[in-house]
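A look at the structure
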Amino acid sequence: MWSDISFIWQTAFREAWEAFCAGSTPIGAVLCDGGGNVILHDRNRNNEPQTLNRRMSHAETNILRQLDTRRFDAKGLTLYTTMEPCPMCMGTILMTNIKKVRYAAKDSYCGMVHLLKCDPYYSQKNVSCEFEGGEAEKFQITIQAYYELKHIEQGSSSAVFDKFSEHCPDAAKAAKRLYAEKWLDKAVESKTDISEVYDHVMNVLEKKLEENA
């Protein structure tokens, strides 16, 4: 539940929820120093009127654009992101010289962490990527799957949702249940805090697991 996750992950998921509330893909990112202090936090802004290049406005790319490398040695920083970095964000991480990445959920559609093992250039950069998983992954996949369902209804491809369903079926089913009630949309309208959203999603997921037991 919300009270069980660290302040850093709470900050990242708060950014993801703000992205969802603004109509963008719900992904958040946090940059911390070696002592675990938050330096920067940002989110996806890929579906907002003021965003000039919507295809590049991902959480990780947005946060690293703001990093003052004259003040901070990127090699000593850790990037936290609620979703596994895509090709663009993984490339930006490497070129910025970030050496530690922690991600809450695996992106079965376009995640690129595997390139650290199989691509010669990526592997020689010695970037450590740690997968969080557990509740954090299930929450992220649920809200992002819900976001995908909204766009499928508007005529978009179901390819991303289908991949999420294969990788994390319980989260995809929870997203369908929440979407049938338009629960997250109502939460946006009522300005529900991320702590309440997180706990409600976890409760829905727990019920799904009990039904499948």
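Keep in mind that what you see is a predicted model, and the values were worked out from it rather than measured.

**Comments concerning the overall build of the protein chain**
A tally of helices and strands in the protein chain yields 10 helices and 5 strands. For 213 residues, the compact-globule estimate of 2.2 N^0.38 gives 17 Å, and the C-alpha radius of gyration of the protein chain, at 17 Å, lies within 12% of that figure. Seen through its principal axes, the protein chain has C-alpha atoms that stretch 50 × 35 × 35 Å. Considering the protein chain as a whole, with its 213 residues, one finds that 51% of them fall into the buried category. By sequence separation, contacts in the protein chain at least 24 residues apart represent 65% of the contacts at least 6 residues apart. Accessible area of the protein chain: about 10,300 Å², with a carbon and sulfur share of 48%. The average position of the 26 basic charges and that of the 30 acidic charges among the side chains of the protein chain differ by 5 Å.

**Focus: the side chain of N62**
Here N62 is to be found in helix α2 (residues 59-65). Contact partners of N62, with chain neighbours within four places excluded, come to D42, R43, N44, R45, M56 and S57.

**Some points on the environment of D193**
By the element assignment, D193 lies in the loop between α9 (183-189) and α10 (194-212). When the C-alpha positions of D193 and E18 are compared, they lie 9.7 Å apart, and in sequence the two are 175 residues distant. If we ignore the near neighbours within four places in the chain, the residues touching D193 are R14 and W17. At a separation of 2.9 Å, a polar atom in the side chain of D193 contacts the side chain of R14.

**So, unusual backbone geometry**
Residues other than glycine seldom take positive phi values, yet N126 does so here, at roughly 55°. Structurally, N126 is set in the loop between α5 (120-123) and β5 (128-131). Its relative accessible area of 60% is what places N126 among the exposed residues. Look at K191: it is not a glycine, yet its phi comes out positive at around 55°. Along the chain, K191 falls in the loop between α9 and α10. A residue is classified by how much of its surface remains accessible, and K191, at 76% relative accessible area, is exposed.

**Comments concerning the environment of G155**
Within the secondary structure, G155 sits in the loop between α6 (134-153) and α7 (159-167). Distance in space between the C-alpha atoms of G155 and V204 is 27 Å, their sequence separation being 49 residues.

**Comments concerning helix α8 (residues 169-181)**
Because an α-helix completes one turn every 3.6 residues, residues spaced three or four positions apart along the sequence face the same direction. A rise of 1.5 Å per residue sets the reference length of α8, with its 13 residues, at 18 Å; its end C-alpha atoms lie 19 Å apart and thus fit the reference within 8%. K182 lies just past α8 and shows a positive phi near 55°.

**Focus: the packing of helix α1 (residues 7-21) against α6**
At a minimum axis separation of 12 Å, α1 and α6 run at an interaxial angle of 10°. The orientation of α1 with respect to α6, classified from their angle, is roughly parallel. Residue-level inspection shows F13, A16 and F20 of α1 in contact with α6, the latter providing A136, F139, Q140, I143, Y146, Y147 and K150. Of the residues belonging to the contact of α1 with α6, the class tally is 8 nonpolar, 1 polar and 1 charged.

Thresholds, definitions, all that
- Residues numbered from 1 in each chain as written.
- Predicted model: local features only at pLDDT ≥ 70, side-chain atom pairs only at ≥ 80, totals over all residues.
- Heavy atoms only, no water.
- Helix = DSSP H or I, 4+ residues; strand = E, 2+ residues; numbered from the N terminus.
- Rg over C-alpha atoms; globule rule 2.2 N^0.38 Å.
- Buried < 20%, exposed > 50% of the residue type's maximum accessible area, 1.4 Å probe, protein only.
- Contact = heavy atoms within 4.5 Å.
- Areas by Shrake-Rupley, 256 points an atom, 1.4 Å probe, with all protein chains shown as cover.
- Lys, Arg positive; Asp, Glu negative; His and termini not counted.
- Charge placed at Lys NZ, Arg CZ, Asp CG, Glu CD.
- Polar contact = N/O pair within 3.5 Å; in protein donor to acceptor, adjacent residues only side chain to side chain.
- Expected span 1.5 Å × (residues − 1).
- Axes fitted to C-alpha atoms, helices over the stretch in contact; angles between N-to-C directions.
- Parallel < 35°, antiparallel > 145°, perpendicular 65-115°, else oblique.
- Nonpolar A, V, L, I, M, F, W, Y, C, P; charged D, E, K, R; others polar.

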